[in-house]
Amino acid sequence: MTETTARQEQQLELGIAEGRATGQPWQRIRDWWLPEQHVLYDRVLLWLALGLLAFGFVMVSSASFPIAERLTDNPFHFVIRHSMYLVLGLGLLATTVQVPVTWWFKGSAVLLLSALAALVLVLVVGHEVNGARRWIKIGPMTLQVAELAKFFFVIYLSSYLARRIDLVQENLQDFIKPLVVLFFFAVLLLMQPDFGSLAVMVSIVVGMLFLAGARLWQFFAIMIVLAFGLTLLIIKEPYRMKRVTSFLDPWQDPFGSGYQLTQSLMAFGRGDWTGQGLGNSIQKLQYLPEAHTDFIMAVVGEELGFLGIVAVLAAVLAIVLRALWIGRRCLQKDQRFGAFIAYGIGIWFAFQALVNIGAAAGMLPTKGLTLPLVSYGGTSLLVSCAALGLLLRIDYEWRVASVKVAPRAGRSKAKTTRRARA
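Worth saying up front: this structure is predicted, and the values here are computed from it rather than measured. (Residues numbered from 1 in each chain as written. Predicted model: local features only at pLDDT ≥ 70, side-chain atom pairs only at ≥ 80, totals over all residues. Heavy atoms only, no water.)

Chemist: Can you explain the overall build of the protein? Please cite residues and give values.
Modeler: Across its full length, the protein holds 16 helices and three strands. Taking contacts inside the protein between residues at least 6 apart in sequence as the whole, the part at least 24 apart equals 72%. Total accessible area computed for the protein in this model is approximately 20,600 Å², and 65% of it derives from carbon and sulfur atoms. (Helix = DSSP H or I, 4+ residues; strand = E, 2+ residues; numbered from the N terminus. Contact = heavy atoms within 4.5 Å. Areas by Shrake-Rupley, 256 points an atom, 1.4 Å probe, with all protein chains shown as cover.)

Chemist: Before we move on, could you go through the pairing of strand S3 (residues 141-144) and cite the residues and values that matter?
Modeler: Here strand S2 (residues 132-138) runs beside S3; their pairing, made up of four bridges, is antiparallel. Bridge pairing in S3 places Ile138 opposite Met141. (Pairing = 2+ DSSP bridges.)

Chemist: Go over helix H15 (residues 378-402), please, and point to the residues and values.
Modeler: With 25 residues, H15 extends 36 Å from end C-alpha to end C-alpha; this agrees with the ideal 36 Å at 1.5 Å per step. Burial analysis of H15 places 23 of its 25 residues in the buried class, the great majority of the element. (Expected span 1.5 Å × (residues − 1). Buried < 20%, exposed > 50% of the residue type's maximum accessible area, 1.4 Å probe, protein only.)

Chemist: Any details on the packing of aromatic side chains? Residues and values, ideally.
Modeler: By the definition in use, this model includes 14 aromatic pairs. For the ring pair Tyr156 and Tyr160, a centre distance of 6.3 Å and an interplane angle of 35° mean the geometry is tilted. Of this pair, Tyr156 and Tyr160 both sit in helix H7 (residues 145-170), four residues apart, which is roughly one turn of the helix. Assigned by exposure class, Tyr156 and Tyr160 land together as buried. Between the aromatic rings of Phe340 and Tyr343, the centroid separation amounts to 6.4 Å while the plane-to-plane angle is 65°, which identifies the pairing as edge-to-face. With Phe340 and Tyr343 both in helix H14 (residues 336-360) and three residues apart, the pair spans about one turn of that helix. Grouping residues by exposure puts Phe340 and Tyr343 together as buried. Aromatic ring contacts, followed pair by pair, group Trp103, Trp104, Phe151, Phe152, Trp348 and Phe349 into a single cluster. One Lys or Arg, Arg329, reaches over the ring of Trp325 and ends 3.9 Å from the middle of that ring. The aromatic ring of Trp398 is capped on one face by Arg329, whose charged end is 3.7 Å from the ring centroid. (Phe/Tyr/Trp six-rings, centres within 6.5 Å; stacked < 30°, edge-to-face > 60°. Lys NZ or Arg CZ within 6 Å of the ring centre and 35° of its normal.)

Chemist: Could you give an account of the sheet that holds S2, naming the residues involved and the relevant values?
Modeler: Ordered in space as S1-S2-S3, the three strands form an open sheet in which the pairing is antiparallel. Unpaired on one side and paired on the other, strand S1 (127-129) and S3 mark the two borders of the sheet. Pairs of neighbouring strands in the sheet enclose a mean axial angle of 45°, with direction left out of account. Packing against the sheet, helix H6 (residues 108-125) makes contact with S1 and S2, and its axis sits at approximately 95° to S2. (Axes fitted to C-alpha atoms, helices over the stretch in contact; angles between N-to-C directions.)

Chemist: Tell me what's going on with the pattern of salt bridges, and back it up with residues and numbers.
Modeler: What the rule picks out here adds up to eight salt bridges. One salt bridge in this structure joins Glu397 and Arg393, with 2.9 Å as the shortest N-O distance. Here Glu397 pairs with Arg393, and both are found in helix H15, just four residues apart, close to one helical turn. Judged by relative accessible area, Arg393 falls into the buried class, the value being 14%. In this structure, Arg399 and Asp395 form a salt bridge, with 2.5 Å as the shortest nitrogen-oxygen distance. Taken together, the residues span about one helical turn, with Arg399 and Asp395 both in helix H15 at a distance of four residues. What emerges from the salt-bridge pattern is a single network uniting Arg329, Asp395 and Arg399. (Salt bridge = Lys/Arg side-chain N within 4 Å of Asp/Glu carboxyl O.)

Chemist: Could you give me a rundown of unusual backbone geometry, with the residues and numbers involved?
Modeler: Phi at Asp73 takes a positive value of approximately 60°, unusual for a residue other than glycine. Among the secondary structure elements, Asp73 is positioned in the loop between helix H3 (43-72) and helix H4 (77-97). Its identity is not glycine, yet Glu290 carries a phi of approximately 55°, on the positive side. Take Glu290: its relative accessible area is 40%, and that puts it in the partly exposed class.

In structure tokens form, the structure reads like this:
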């Protein structure tokens, strides 16, 4: 650590102490929710993340008891596994916060190649479940490589845009290069198949290119091409087409293709405003498939009601807005790499939460996507914690860089004394 950085961190700590010592109560509340540069870390983002993690643990515990008892004769099976992933995730978050942002920038190409290699490896030695080969078993853990691919792809694309943002805005060739990389990811994801992760990655690319200042005609052209491609992929596979048609009217076949959605809608209907009470869900008693993963919001709606759903939506929205706010501030300081990572993480969490909640509420076709920080899913939880750790590190480095280094009080006083004697 350089002497300049040490002084900056010391000034941050002094600023925190002064902020705590002075100010009216309403000013302290304002500073808590809108922290100034002298605050060492983004407390709002950290507490929102920890709150969602704790809430997710409670809801996974409530929703998984029946299915765990049926599958393993141990009602605490998923609770124990989720607890293990939660501890590992918090450790990973704490570790990621310590890693400088420059390390990710220098290793972005290696991370990209690692993600592609993992997607190829899962097709060879992956564990197959319900016709999908998406997981690699590592001892007692299962690794879903698509989650890692999302994270590493955000880092690569941020590095690319940080280096070539001017060319992306003016040159069509540089604008297309990230789309070529996305094409290779798309082929490997569709071979698993994992259409949901591909949709998330497409949304990340489109959103980040738009925020990078791509020309409007380029943006609309890519939107049209991607929409056409996704439509062809849906029409090509009968099961995808069936999901779309059943989503439009699930009550046509409530015991077949529309079964999962109709059970989810029943759960929302029973919840009303305040819910049936924590642990009192009926649909989780083996009526609603995947109640602890993809459809956990249906259990939230049934047990905690409309108010519980609004609280979860507000927390997720606050994290997304916080990420975009961090990205905007970094871009103003010309910290392009950190800015685009923050934008990418914000878009990623927003789109995945939108698809998960929209599918559970019958507003979007059913897709196998977890709700970040809430649903059961080991790899998703670990990768989300790593992304949040990186986001906190980006914000921390922005705060350190924003502090003007001032001479130490002792040195300043000695200089003043010498000048007076002279």
